[in-house]
Amino acid sequence: SAILSNYNLSRQIKPYKKLLLLKPHYLSNTNESQTPAVAMPQDESDVGIFCYISLLPGFRGVLKQRYSDFIVNEVDLDGNVVHLTSLDAPPEVVEEKETKISDQLNKSYDSELESFRSLAGDSDAEQLKAFIDQFSSGVKDSASPIILSPNSDKSHRTAVHNFFKENFKFLVTDTVDGPDASSKCIRVWLNSGRNGGRERNSRKRKDRGNKPYDDRGSDNWPQHLGKFLRFHLYKENKDTQEALGLIGKMLGVQPRSFGFAGTKDKRSVSTQRVTVFKQRASRLAALNERLIGIKVGDFCYVKEGLLLGQLHGNRFTVTLRGVVADSEDSIKVSADALGRNGFINYFGLQRFGSGSVPTHLIGASLLRGEWKTAVSMILDPRKGEKDALRKVREYYMESDDIEGTLRQLPRHLVAERAILQCLKKSPGNYLQALKAVPRTLRMMYVHSYQSYLWNHAASMRVQKYGIDQVVLGDLVYCKADCTEKVIEVSNSEYEDDGSNDTYGCSQLDEISETDFPKERSNPVKAVNEEDLAAGNYTIDDVILPLPGSRVIYPLNDIGKVYHDLAKKDAISLTESVHNVKEFSITDMTGGYRRVFHKPKDFEWELLTYTDGNIPLTETDLDIIAKSRPATMVRGENRANGNEDEKLPFSCNKQLKCFENDTMLSTDNNEAGGDREVTLSEQDSSGCSNAREDQMALKLSFTLPASCYATMAIRELLKTSTSVAFHKTLNQ
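Described in the following lines is the structure provided in the data block. Note that residues are indexed from 1 along each chain, following the sequence as it is written. A pLDDT threshold of at least 70 governs which residues receive local features in this predicted model, and a stricter bar of 80 or more applies before side-chain atom pairs are shown or counted, although totals over entire chains, interfaces and linings include all residues. Calculated side-chain values reflect all of the structure's heavy atoms, with hydrogen atoms and water omitted.

## Notes on the pairing of strand 14 (residues 542–546)
Relative accessible area decides the class of each residue, using a 1.4 Å probe on protein chains only: under 20% of the type maximum gives buried, over 50% gives exposed, and in between gives partly exposed. Starting at the N terminus, helices and strands are each numbered in turn, a helix being any DSSP run of H or I of at least four residues and a strand any DSSP run of E of at least two. Of all 5 residues that make up strand 14, 5 are buried, and the element is covered over most of its length. As judged from the 4 bridges shared by strand 14 and strand 15 (residues 591–594), these two strands associate in the antiparallel manner. Looking at the pairing, Pro545 lines up with Tyr592 of strand 15. In short, DSSP must find at least two bridges between two strands for them to pair.

See the structure below:
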C-alpha cells in the first residue's frame, strides 16, 4: 500500500524520522501542569500534530511568501464561491414618501371612517375626519396631532392602534397620559418621517444591547428595501476585524452593525460576504476611492443579517514558491495523492493563536479555575513580540499602572484592554476581568483546549490503528438504517457563539468553529462486530469527539487518550472544580469532527517563473481591473511608480483537474500590477531578482468551514506549517 500510518512511515523515510517520532505530551513522564509566563513560539508537535497519511516524500516549498500567494474565497450555504465582480452600487429604486402619502390622501376613506365610528364613537370619528380633510386641502407640515378621547381599557386602545395600522397607513399613533391617572389617550399624527419616533428611538437605545446590530436612527428606512445591505468584502493582508473597523469608522457605525459568516486569514487575499444594518449601497461604494487594500462591491439588500457559521466553507488558491524536489514527477505524484487520499483533519496552528503563549494553555488555566494565572498569561510579556509592545507589557508587570498601560496599549489588543479596564474598576477581581473579554474571544481559549485534546487523539488513532480501515470501538455518524440505541449530537455551546461579536476578531482563528457540517445533528455510535463484518463503514466515516457533556468517547484505546492527557493538565473531563459554566467542559455540549478529509474540486498546476516579485495568480481585483480604468481600482497602490503597469511572467502550466481527469489549459499569461510593495522576504532566494527559472506549485481546492488549508499543505510538503519554519526558507 502506498499509504502507511505514521509509525510505519517513520521506519522508511529517514529525513522525517525526527519529526515523526516526537514524543506526544500524553506519553511524557511528568505530572506537572505547565503554564509558563513566557513561552517559546509553538510548533506543530506542541499541539498534537504528529502524523501524515502518505508515504511519499515531501519537498521544499515556501508557503505565503507573498500574501497574494494565499487566496481565500468564501463559499456560501448554496455552494456558490464568493467573488468580487463589481465595485458599483446598483441603481436605487427611489420611493418618494410624500408622493405615496399624496396618493393615499387622494382616495376616499368614508367606509374606513364609518368602521372607526363603530369602534371609537362619533366624537373621535368626527375629529379624525376633520384631521384627514386638512391633508386633502394641502395642509401637511402645519397640522398638529390630535388626541382621541381618554380610555382606560388597554385592549380597546390596542384595537384602535391596530385599526390605524391596517386602514390609515399614512398616520402614526402612540399612547400618552390621560386627564387622570387611570386613563390614557391615543395621539394621532401624519407619518412624515421626521418627528414620529422619538419615543420609539428611546426604547431602542434602552434595548439595543440585546440586538446583534446597532439600529439607532433607522426609522426612516424605505419599506421596499431589505433592512440589511449585503456586500462582498475584498481585502489584502488585513484581518476581517481590521477591515470592518475601518469601514465602520468611515460610515460612523459601530462594529456590531456588521455581520459575517467567518473570519479570514490576515496574510492572504480574501473575499467574503458581509452584511450591515440599514446602510445605502451608494455610501459604501463611495468608500472604494479612499480604501487601501480593501474594496467592497456586489451589493444587494436582504432581510436578514449574516451570522457566524453561515457558510459552506472556503475555496483556497495557494501558490507554493521556490519549489525544489528530486523531480517534477515526484511533485505530480504527491499532488495527485493529496487530491485522492486527503489529509489528517487536524486543527491547524492558527487555532492556537499567533503569539508565544498558545491559547490552549490559557484555556487550560480557565478550566482549572486559575483566574489570576489566565490573566497573567494574557497580559505578561511574550517572546517574539515587537519591542514597543513588549515594553508596554513589561511596564505594566513592573508598575501595575493600569491607566498608563492603557494609554500605551494598542487598541487591537481587545482582550488585554478589556481586562485592564475591568481591573481598574474592580482591582483583584480576575474572574470578572476575564468575563469582560468579548464572549467570542474568551470562549476561543476553552475551545482551543478542546482542539488540543482532539489533535492528540487523532495522532494516537493514526499511530495505533493506521489509516486503512475502521476498527472496533471507532466512532461514526450513524447511517439512515441504524436501529440500535445511539447518542444524539448537539452542539449548543457553539451555537451560543454565533453572536457576531466582532471585537477581537483579529485574534480569532480564521476558520469559523461556530457550526459543524450538516451531519452534526446525526446520531453517533461506536462501531461493533456486526458493523465490521458487514462493512457498513469506511475509514472516511471515522470521527473523534471534541470533549463535552453530551459526547461519547471511542470504545477503544483512543478514548483513554482524552482523559489521560487532560489529567496531565490537572483537568477532569467529567467533573468541574468551579461553578463558572462557560469555563467548564462539563457544562459544554461538545461535538464531533472527521479524522480524515479529502479536498473538493481539487486542481493543481506547476508554474515556472523568473521574477519573484510578480504575482502568479489573478485576484478578483485583478480581473476587475481589466475592464476598468486602473486609477479607479488601484490608484492608491502604486508598484514601482506605475499603478497600471501589468508585467508578464513566464509560465509553463500543467493543470490537473480531479473532477474530469482532463488536461485544462489557459491562455492568460498576465497578472495584475504588483500591490505588495514592501516585503520582508524580497531579497530571499524565492524572490531573487536573478532571472533564473524557478518552480511554483499552485493548488486550488474547497474545504468545509471547519477544515484547515495549512494541514492539506503540510501533508503535501511533509514539513511544518509554522510561520517560523517558513521564514527560515527565505533566509
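Next, the rest of the story.
## Notes on unusual backbone geometry
Even without glycine at this site, Asp601 takes up a positive phi of about 50°. Structurally, Asp601 is set in strand 17 (residues 600–609). Its identity as a non-glycine residue notwithstanding, Lys718 has a phi of 60°, on the positive side. Judged by relative accessible area, Lys718 falls into the buried class, the value being 4%.

## Observations concerning helix 8 (residues 240–251)
Relative to the 16 Å expected for 12 residues at 1.5 Å per residue, helix 8 spans 16 Å between its end C-alpha atoms, a close match to the ideal helical length. Within the sequence span of helix 8, burial applies to Thr240, Ala243, Leu244, Ile247, Gly248 and Leu251. Looking straight down helix 8, one finds its buried side chains confined to an arc of 130°; they lie on one side. Residues of helix 8 that are buried make contact with strand 6 (228–236), strand 7 (258–260), strand 8 (269–277), helix 9 (281–286) and strand 9 (294–302). What qualifies as a polar contact is a pair of N or O atoms within 3.5 Å, subject to a donor-acceptor requirement within protein and to the restriction that residues adjacent in sequence count only when both atoms come from side chains. At the N-terminal end of helix 8, a side-chain oxygen is found 3.3 Å from the backbone nitrogen of Gln241, two or three residues along, and the residue is Asp239. In a helix, the anticipated span is given by 1.5 Å times the number of residues less one. The arc in question is the one traced by the directions running from the helix axis out to the C-beta atoms. Contact definition: two residues touch when any of their heavy atoms are within 4.5 Å.

## What to know about the packing of helix 11 (residues 359–367) against helix 12 (residues 371–379)
Axis geometry follows a simple rule: fit a line to the C-alpha atoms, using only the stretch in contact for helices, then measure angles between N-to-C directions, giving values from 0 to 180 degrees. At a minimum axis separation of 8 Å, helix 11 and helix 12 run at an interaxial angle of 160°. One way to sum up the angle between helix 11 and helix 12 is to call them roughly antiparallel. Between helix 11 and helix 12 the crossing geometry is left-handed. Taken together, the residues of helix 12 that come into contact with helix 11 (itself represented by Leu361, Ile362, Ser365 and Leu366) are Trp371, Thr373, Ala374, Met377 and Ile378. The residue classification treats Ala, Val, Leu, Ile, Met, Phe, Trp, Tyr, Cys and Pro as nonpolar and Asp, Glu, Lys and Arg as charged. All others, Gly included, are polar. Partitioned by chemical class, the residues of the contact of helix 11 with helix 12 number 7 nonpolar, 2 polar and no charged. Each angle is binned into one of four classes, with values under 35 degrees roughly parallel, values over 145 roughly antiparallel, values of 65 to 115 roughly perpendicular, and all other values oblique. Less than a right angle of anticlockwise turn of the near helix away from the far helix marks a crossing as left-handed, whereas a clockwise turn marks it as right-handed.

## Some words on helix 17 (residues 439–465)
Taking 1.5 Å per residue as the helical rise, helix 17 with its 27 residues ought to reach 39 Å, and the 38 Å between its terminal C-alpha atoms agrees with that figure. Fitting one axis to the seven residues ending at a residue and another to the seven starting there, the bend at that residue is the angle between the two axes. Bending of helix 17 peaks at approximately 30° at the position of Tyr445. Judged by how many residues are buried, helix 17 sits mostly within the fold: 24 of 27 residues are covered. Immediately downstream of helix 17, the backbone of Gly466 shows phi near 75°, a positive value.

## Comments concerning the pattern of salt bridges
For salt bridges, the criterion is a side-chain nitrogen of Lys or Arg within 4 Å of an Asp or Glu carboxyl oxygen. Evaluated as defined, the whole model comprises 29 salt bridges. For the salt bridge of Lys264 with Glu74, the shortest nitrogen-to-oxygen distance reads 3.2 Å. Here Glu74 lies in strand 2 (residues 70–75) and Lys264 lies in the loop between strand 7 and strand 8, a separation of 190 residues in the sequence. A single burial state applies to Lys264 and to Glu74, both of which are buried.

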